[in-house]
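# An overview of the molecular structure
Now for the letters of each chain:
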Amino acid sequence: MSEKIKVVICSGTACFVMGASDILLLEESLSPELRSRVEIEGATCLGMCRESERGKAPYVTINGELMSQATLPKVLARIQELVDA
Ligand code: FES
C-alpha cells in the first residue's frame, strides 16, 4: 500500500473536551516510518456529535472510516492494522 492513510481528527468543542486534545499528539506519537505513511488533518466539528446514534465523541476518521470514542492508542492501533494489511 503506497497511498497515505488519511486521519482526520475532530477538534470541535464537543470532541476537544472529550479528549481530542490527546489525539492531536498523534503526529509526535508515530514512528518516523509511520509518519511518512500518514496524513493528519484537524477539522472543526464533523457534525457527528449531534447524531447520538454515531456513538460518542471524540471522533476521528481514518480513510473515511468513522471511529467514535477515539483515543490515541485506538487510532495508533488502527493505523498499524492498515499499514500491516
Ligand atoms: S465537535 Fe467533533 S463531531 Fe462535533
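The written sequence of each chain sets the order in which its residues are numbered from 1. In keeping with the predicted nature of the model, local features appear solely for residues at pLDDT of at least 70, side-chain atom pairs appear and are counted solely at 80 or more, and the whole-chain, interface and lining totals rest on all residues. In computing side-chain values, all of the structure's heavy atoms are included and hydrogens and water are not.

### Some details on the pairing of strand β1 (residues 5-10)
Exposed residues in this analysis have more than 50% of their type's maximum accessible area, buried residues have under 20%, and partly exposed residues fall in between, with area computed by a 1.4 Å probe over protein chains only. We count a stretch as a helix when DSSP gives it H or I for four or more residues in a row; a strand needs E for two or more, and each element gets its number in order from the N terminus. Taking burial as the measure, the six residues of β1 include five buried ones, the bulk of the element. A pair of strands counts as paired when DSSP detects no fewer than two bridges linking them. Pairing of β1 with strand β2 (residues 38-43), which is carried by six bridges, proceeds in the parallel orientation. Paired with Val 7 across the strands is Ile 40, a residue of β2. Bridge analysis of β1 against strand β3 (residues 60-62) gives three bridges, and the strand direction is antiparallel. From the neighbouring strand, Val 8 faces β3, where its bridge partner is Thr 61.

### Describing the pattern of salt bridges
A side chain with one charge can pair with a side chain of the opposite charge if their charged atoms come near. Salt bridge, as used here: a side-chain nitrogen of Lys or Arg that lies within 4 Å of a carboxyl oxygen of Asp or Glu. On inspection of all chains with the given rule, the structure shows four salt bridges. Residue Glu 41 is joined to Lys 6 by a salt bridge in which the shortest nitrogen-to-oxygen separation is 3.3 Å. Note that Glu 41 is positioned in strand β2 and Lys 6 in strand β1, a separation of 35 residues in sequence. By relative accessible area, Glu 41 is classed as partly exposed at 34%. Of the charged contacts in the structure, one is a salt bridge between Glu 65 and Arg 78, with a shortest N-O distance of 2.8 Å.

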